[in-house]
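Listed here are the chains, written in short residue letters.
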Amino acid sequence: MPRSTTTSPPPGNRPGRFGLSARLLVLTILFGLLAEVLVYLPVVANYRRNWLSNRIASAITAALVLEAAPDGMVSDDLARQILASVGAKMVALKTDDSKRLLASSDMPPTVAIATDLRSLTAMEAIGDALDTLLAPRGRFIRVVGDAPMHGQYVEIVVDETPLQQGMYDFARRWLVITLAISTITAGLIYLTLSLFIVRPMRRLTGAMMRFAADPEDEAGVIRASGRSDEIGVAEREFAAMQRQLHGMLQQKSRLAALGLAVSKINHDLRNMLAAAQLFSDRLTETDDPIVQRLAPKLIQTIGRAIAFCQSTLSYGLASEPLPTRRRIALAPIVADTRQLLGLGEANDRLIWVETLEPDLQIDADADQLSRVLLNLCRNAVQALDGHVAPDASPNRIEIGGRRNGAVVTIDVADNGPGVSVKAGQKLFEAFSGSTRPGGSGLGLAIAAELVRAHGGTLFLLEQTADRGGATFRITIPDRPA
């Protein structure tokens, strides 16, 4: 299979200029500014309230001085000096029974708004602060506050311009400080997120694009950083997926190459088997009873080989023909399997045991079922080759069959070394499920495919203390009526 030589991602998969880092920086700045605005409004409202409260406190002090004067009267010059120190145009005191104007000078023609500090809520304070910031210069306001002496409240009229100018100065100082804090905070957040999130994501997306450009290049497999967070999990899972896909692509490349080779030799092999069939036909003319008994089996076996070569296309696609199912007896197929393996009834190498229900019939394709049993039994013979049981018991292969309703169950068991846990994980995968050196692992893969074509299952039973070796179970259901 040709391999790609380019490593650049497709145009539609390239990251845009406004990437994750730029978006993160912009969002950090926007959220910082939004936080400044949300914090600034209550702070500037509190500044206005404190400024007015200081004027009320100064007015209360002035009221004490004015009330201490003889007959409550002071000169106009002294009254103006007191009002100037308070920063007010008028100071009035409301007592239990009356309201006294303690001092006044140059009263404005109109008072724009009134603020009662005694019942001012937080939302009203924010609204009044915004109103002061946007108000025209030279506006006067009336301010009412509590009087701690015998009066009920104190009332003053002040020019709002100094308050407005102070609020602007405070806003500028606050803006500089908050911008510095926000810039430092945003920079730290950006650097932290860039280090722990953006850069790992860039590395991960870069590995994805390189793998997409050339999935067969093993160097493109990402190396996990060992992190324990979500990005670390994504790296490990992506690396595992890359290795799995890389192995699958290698296997498919091997299958394609092997399929090409099989397609080339298939024609010649079929011709050689056809010639062997012609020679074996002449064996039927021999009077030897042994030849007469074995010749039909030989002709039948060669005929199956020719039919199999005829139906084989390219390896890897493994297109098996659909089974031609009919009711057949299972015992003759088991007996043919024993003969094809060269195992006699009195074999000195191993014991062959058949535990089939009497007259057991199965709804299956005879040739395909024979191939399944032959593969399983050949694996059992190879597993028992050279095996010595711990208790010195003879090696044995046992084939059992029984019917349970509409399902026929066939067990192929041996008392060999069994199947390791590692080999059992990929037992029915081509090129992966071999349990012996030099094996291709194709026999079990082919057998499992043939059984699935019958709507059945082929699996390995778990090894227990009372059942050693390996036991493969075949279940094939009857076709619906």
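In this report, the structure presented in the accompanying data block is examined. (Residues numbered from 1 in each chain as written. Predicted model: local features only at pLDDT ≥ 70, side-chain atom pairs only at ≥ 80, totals over all residues. Heavy atoms only, no water.)

### Focus: the packing of aromatic side chains
Okay, step 1: Across all of its chains, the model carries two aromatic pairs by this definition.
Okay, step 2: Pairing Y47 with F170 gives two aromatic rings, centres 4.9 Å apart and planes at 15°, and the pair type is stacked. With Y47 in helix α1 (residues 20–68) and F170 in helix α4 (residues 160–213), this pair connects stretches of sequence that are 123 residues apart.
Okay, step 3: When the ring of F170 is compared with that of W174, the centres are 6.5 Å apart and the planes differ by 20°; the resulting orientation is stacked. Here W174 and F170 lie together in helix α4, a separation of four residues that amounts to about one turn.
Okay, step 4: Every member of this aromatic cluster is reached through a ring pair, and the members are Y47, F170 and W174.
Okay, step 5: Geometry around W51 places R55 over its ring, the cationic atom sitting 3.9 Å from the centre. (Phe/Tyr/Trp six-rings, centres within 6.5 Å; stacked < 30°, edge-to-face > 60°. Helix = DSSP H or I, 4+ residues; strand = E, 2+ residues; numbered from the N terminus. Lys NZ or Arg CZ within 6 Å of the ring centre and 35° of its normal.)

### Remarks on the nonpolar core
Okay, step 1: Grouped together as the largest cluster of nonpolar side chains are 35 residues, with contacts concentrated most on I362, L369, L373, I410 and I474.
Okay, step 2: Ranked by residue count, the leading element in this core is helix α8 (residues 366–384), at eight residues.
Okay, step 3: Apart from the residues lying within four places of it in its own chain, the contact partners of I362 are R326, R327, I328, L330, L369, R403, V408, I410 and I476.
Okay, step 4: Y40, A129, L163 and M167 belong to the second-largest nonpolar core, a separate cluster that totals 29 residues. (Core = buried A, V, L, I, M, F, W, Y, C linked by side-chain atoms within 4.5 Å. Buried < 20%, exposed > 50% of the residue type's maximum accessible area, 1.4 Å probe, protein only. Contact = heavy atoms within 4.5 Å.)

### Notes on the packing of helix α7 (residues 330–340) against α8
Each pair of packed helices can be summarised by the angle the axes make with each other and by the distance between the axes.
Okay, step 1: Across the interface, α7 lies against α8 with an axial gap of 10 Å and an inter-helix angle of 45°. Overall, the two elements α7 and α8 adopt an arrangement that is oblique. By crossing handedness, the relation of α7 to α8 is classed as right-handed. Listed contacts from α8 to L330, I333, V334, T337 and L340 of α7 are A366, L369, S370, L373, L374 and C377.
Okay, step 2: Within the contact of α7 with α8, the residues separate by chemical class into nine nonpolar, two polar and no charged. (Axes fitted to C-alpha atoms, helices over the stretch in contact; angles between N-to-C directions. Parallel < 35°, antiparallel > 145°, perpendicular 65-115°, else oblique. Left-handed = near helix turned anticlockwise from the far one by under 90°. Nonpolar A, V, L, I, M, F, W, Y, C, P; charged D, E, K, R; others polar.)

### Re unusual backbone geometry
Okay, step 1: Positioned with a positive phi, D359 is a non-glycine residue whose angle comes to about 55°.
Okay, step 2: Tracing the backbone through its elements, the reader meets D359 in the loop between β7 (351–356) and β8 (361–364).
Okay, step 3: A relative accessible area of 78% places D359 in the exposed class.

### Points about the packing of helix α3 (residues 122–134) against α4
Okay, step 1: At a closest axis distance of 9 Å, the pairing of α3 and α4 adopts a crossing angle of 100°. Relative to α4, α3 is oriented roughly perpendicular. Only E160, L163, Q164, M167 and Y168 of α4 make contact with α3, whose side of the interface consists of A129, T132, L133 and L134.
Okay, step 2: The class makeup of the residues in the contact of α3 with α4 is six nonpolar, two polar and one charged.

### Points about α7
Okay, step 1: Taken as a whole, α7 has its buried residues at L330, I333, V334, D336, T337 and R338.
Okay, step 2: G342 occupies a position one or two residues after α7 and carries a positive phi of about 75°.

### Details of the environment of G405
Okay, step 1: Position of G405 among the secondary structure elements: in the loop between β9 (396–404) and β10 (407–414).
Okay, step 2: Its relative accessible area of 60% is what places G405 among the exposed residues.
Okay, step 3: C-alpha of G405 to C-alpha of P477: the two residues are 72 residues apart in sequence and 9.0 Å apart in space.

### Remarks on the sheet that holds β9
Okay, step 1: In spatial order, the strands read β7-β9-β10-β12-β11; together these five strands make up an open sheet with mixed pairing. The open sheet terminates on both sides in strands that have one partner only, identified here as β7 and β11 (457–460). Across this sheet, the average inter-strand angle for adjacent strands is 10°, counted without regard to direction.
Okay, step 2: Here eight bridges tie β9 to β10, and the two strands are oriented antiparallel to one another. Paired with R402 across the bridge in β10 is T409.
Okay, step 3: Running at roughly 140° to β11, helix α10 (residues 442–453) makes contact with β11 and β12 (470–477) of the sheet. (Pairing = 2+ DSSP bridges.)

Note that all results are geometric; they support no functional claim without further evidence.
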